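# A closer look at the structure
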Amino acid sequence: MFKHILTIIKNERRQNIGLWIELLIVALFLWYIVDNVYVTLNNYYKPLGFDTEHTYIMRLGLLNESSYEYVKDISTETAVGYLYTALERIQRNPMIEAASISFHSSPHIGSNRSRNIHRDTLSTKYSVLNRTVTPNFFRVFKYQVENGSTDELVQALERNELVISPGVAKELFPHDEPPVGKQVSFEKSDSAQLYRVGAVSRVVRYDNFSNWNSYFAQRIDNDFLKTFTGEWVGGLEFCVRVTPEEDHDFIRRFRENMTQQLRLGNYYLGEIQSIPINKKAFQKDDINDLKMRMFIVFFLLVNIFLGITGIFWFRTQHRRSEIGLRVSLGDTPKQVLRKFYIEGLLLLTTAMVPTMIVIYILGREGIFATYLMHFTPGRYFIGFAITYILLIIMIVLGIRIPALKAVKVPPATALRDE
Amino acid sequence: MIQQYFKQAWRLLKENPVLSAISIIGTALAICMIMVIVMSHQVKNAPYPPETNRDRMLYVKWMSSREKNSTNTGSSNGPMGYGFAKSCFKALETPEAVSIVSAFAPSAMVAMPGQNIAENYDKMLTDEDFWQVFDFIFIDGKPYTKADVDAGLRKVVITEKVALKTFGTTIVSGQRILIDYTEFTVSGVVKDVSALATAAYSQIWMPITTEILPEGGAEGISGSCRVFILAKHKRDFPAIKEEAEILRKKYNDGTTTYEAFYRNQPDTHFVFLHRKWANQEPDMKSIVRQSVIVLVLLLIVPAINLSGMMNSRMRKRLSELGVRRAFGASQKNLLSQVMWESMLQTLLGGALGLIFSYIAAYALKGIIYENSDMAFHLGEVTLNPVSLLSPAIFLYALLFCLLLNTLSAFIPARNVSHKPIVDSIHSK
């Protein structure tokens, strides 16, 4: 039967060649886009290592000197005291589960600080995200150590020790050496200040679209806060986790409740933002990219469907007499239909072979991004499996409609045409 | 004659409705895709108020500094200092105007004096030239002037929405308003700005000298400002870049440890849109290449589709054309009939494509018009997407499809007219 179908394909070669080229081009691009979407989504759904649900970020504002409420000559020490008072008052609000102060550490704001960490002769290859936070930061975003405990992380910071990520631990402590209790430094010199590693957290990723996950956390101290008592105060992030029951219309209710309490010295409660909403804004470009790619996949598939239907429409009409003959000679309509399917699928399969070779060569040449995933056989074949299945569905759908119509013609009518 | 061709063509389309529908939908989809892609480009690059001068603007979004003559390859990246912006950009003589603005001032709490409840709005600090670089529509009052900015007068320009929410009316110039617990005078009221105007967008604008800006990193190079340059003409861009380079060197001569470098800025509007991160240049070559590949792909696939279908359709009609020739139709006659047929089909496809484009303009609003920068704003994307459906672009898309359809019908038709009549009649 195969040989027979191949002969048919050969006889219709003038039409088939166009279809074949189209399938080849589409398969090529479809693999590229499907692969892209697959790699992105695969990365997207890996655990983030932190939880932003029911969290908010707020900032303090500094009164303008010309404001009627401005208080002159507040010492830096007093101002730092106000910052701690603000944190304490926020924490005491019954709606709040946990609150922290941090700098360039809250997720999904796009501002980062990073630096290299050293240990004896070992250094991190790239600079590592620097999370400068108060201990409760881990409770706000639910960072965890391997056994699921958050308290260990909080306690480590309370002891003024560092928390590092598994990636950093692996780089600085090879051969499964336990990092807790060991010393590291931020400068590569003998006189550099040493810090004790207090805990290693689980993997914490930067966001859904990146796999950047090397960080260390350090406790915010008074000296650090002193540099933020002036016009930079807006740079401090006051992040809170709200109890799930209270997380409705939170921004308005909290503002009503706390505006008075948070008027401390020259500080006032500035903007409050929901972190999940910030997350959406921050990842909007990537999400749009992803949607656009899916849209192109959809467009290509619709085109394949239209093309296949169009071509098989003519073909089945053209071969109505042949179909009639087959049916009258004892083929069931199902069998005839199957022949058409096999014809389409054979065409697709022969178009897939050169595509696979081209993609293999391009992959070997390093054309495809390997930032999120290496060009492994798994990635190569999963991409092809998805591409193949999508195209098969389109071909079967495209053939089904015209072929069914042709098969349904009574054999006598079809034969009479002859 | 033409009327008859149309009649014939119409009959032909009706004779095989499913098939005609397929080729018409194919044409429509191709047109719709082209329109969507062009629209998403238009919305970001075409000029409209207040960003009417996008084609002659240059932008300096981020600033970078590094240690002079040092082995340390690290750099510090972010907005620039106000003083730095003044000596390196404000001092430029070639451009028409240079405006220094705050990069991301936190949103402000706004209220009427004596009112307890404050509303949150986006705030931007600018100098007086901002009102010259951008083309705002003032409903009431006027912008603050150079004298106001130099003196640090607490004047403010607000949008219609802020005025309505705070005062209940838009004629409020001269009124007092509380912004972050400080009293300001409303200088003017402007029409709301769509968050699509990435550079000019805000809800409140006030003189950059009314607040102490977070400043001072890397000997004044880093701070919290951005610069917008309006050139007199597009062709002045190289001259402005050259002049900026001279000013940069002059500034760097005066510093001890740090030097500023621009990572190829000032940017044109197109590059500015793609400059996302402060510490790396956008790879414009690969961005353009990718867009071209996508565009070509979206054109080629429907093209193969349509021509394949047209081609087999013509083959099926070989005998018909043969008969017509046998009865004396000239080659010219046959070809012009085929032309009219594909014209009708393309026109139908075009009309449908236009409807598809309208639907897509609304359905894909989020993808086409929004990006991360805008999503962080409190304001809305207030632009009628349909206003972007440019007739010229539609015409081009239609012409392209017409060419495609005609070519794929024309070639087989011409072949037929060259074949011996007997062969044509005989074919099935």
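Since this is a predicted model, take the numbers as computed values, not measurements.

What counts and how
Residues numbered from 1 in each chain as written. Chains lettered and ligands numbered in written order. Predicted model: local features only at pLDDT ≥ 70, side-chain atom pairs only at ≥ 80, totals over all residues. Helix = DSSP H or I, 4+ residues; strand = E, 2+ residues; numbered from the N terminus. Rg over C-alpha atoms; globule rule 2.2 N^0.38 Å. Buried ≥ 20, exposed ≤ 12 C-beta atoms within 10 Å, placed from the backbone. Contact = placed C-beta atoms within 7 Å. Pairing = 2+ DSSP bridges. Axes fitted to C-alpha atoms, helices over the stretch in contact; angles between N-to-C directions. Domains from an automatic or database assignment. Nonpolar A, V, L, I, M, F, W, Y, C, P; charged D, E, K, R; others polar.

## Comments concerning the overall build of chain A
Counting its secondary structure elements, chain A contains 14 helices and 12 strands. Rg of the C-alpha trace for chain A: 32 Å, well past the compact-globule value of 22 Å for 418 residues, more than 25% over. Across its three principal directions, the C-alpha atoms of chain A cover 105 × 55 × 40 Å. By the burial criterion, 34% of the 418 residues in chain A qualify as buried. The long-range fraction of contacts in chain A, counting pairs at least 24 apart against all pairs at least 6 apart in sequence, stands at 80%.

## Side note on the overall build of chain B
Secondary structure assignment for chain B yields 15 helices and 14 strands. A globule of 428 residues ought to have a C-alpha radius of gyration of about 22 Å, yet chain B, at 30 Å, is considerably larger. Judged by the C-alpha coordinates and their principal axes, chain B covers about 95 × 60 × 30 Å. The buried share of chain B, reckoned over its 428 residues, is 42%. When contacts within chain B are restricted to residue pairs at least 6 apart in sequence, long-range pairs at least 24 apart make up 79% of them.

## Concerning the interface of chain A and chain B
Counting residues at the interface gives 41 residues for chain A, matched by 38 residues for chain B. Contributing elements (two or more residues each) for the side of chain A that touches chain B: α2 (13–44), β1 (55–62), β12 (267–274), α9 (275–282) and α10 (284–318) of chain A. Per-element accounting of the side of chain A that touches chain B gives the leading share, 17 residues, to α10 of chain A.

## Thoughts on the sheet that holds strand β14 (residues 258–261) of chain B
Residues and elements named next belong to chain B. Spatially, three strands are ordered β3-β2-β14 in an open sheet, and the strand pairing comes out antiparallel. Each edge of the sheet is formed by a strand with only one pairing partner; in this case those strands are β3 (75–78) and β14. Neighbour-to-neighbour, the strand axes of the sheet open up by a mean angle of 25°, direction not taken into account. Summarising the sheet, strand β2 (residues 63–67) and β14 pair through four bridges and their orientation is antiparallel. Looking at the pairing, Arg66 lines up with Glu259 of β14.

## Some points on the domain arrangement of chain A
Residue and element names in this part refer to chain A. When its domains are assigned, chain A resolves into domain 1 (2–45 + 284–417) and domain 2 (55–281). Spacing between the C-alpha centres of domain 1 and domain 2 amounts to 53 Å. Listed by partner, the interface residues are six residues for domain 1 and five residues for domain 2. Taken together, the elements giving at least two residues each to the side of domain 1 that touches domain 2 come down to α2 and α10. Looking at the side of domain 1 that touches domain 2, the element that brings in the most residues is α2, giving three residues. In terms of residue class, the side of domain 1 that touches domain 2 is made up of two nonpolar, two polar and two charged.

## Let's talk about the domain arrangement of chain B
Along its sequence, chain B is carved into domain 1 (2–48 + 284–426) and domain 2 (54–274). The C-alpha centroid of domain 2 of chain B is placed 46 Å from the C-alpha centroid of domain 1 of chain B.

## As for unusual backbone geometry
Between Gln265 of chain B and the following residue, Pro266 of chain B, the backbone shows a cis peptide bond with an omega angle of -5°. One non-glycine residue, Asp249 of chain A, lies in the positive phi region at around 50°. In this structure Asp249 of chain A comes out as exposed when scored by C-beta crowding, with 8 C-beta atoms within 10 Å.

## Quick look at the environment of Glu12 of chain A
Residues and elements named next belong to chain A. With respect to the element layout, Glu12 can be found in the loop between α1 (2–11) and α2. Residue classification places Glu12 among the partly exposed positions, given that 19 C-beta atoms sit within 10 Å. C-alpha separation for the pair Glu12 and Arg315, spaced 303 residues apart in sequence, amounts to 8.7 Å.

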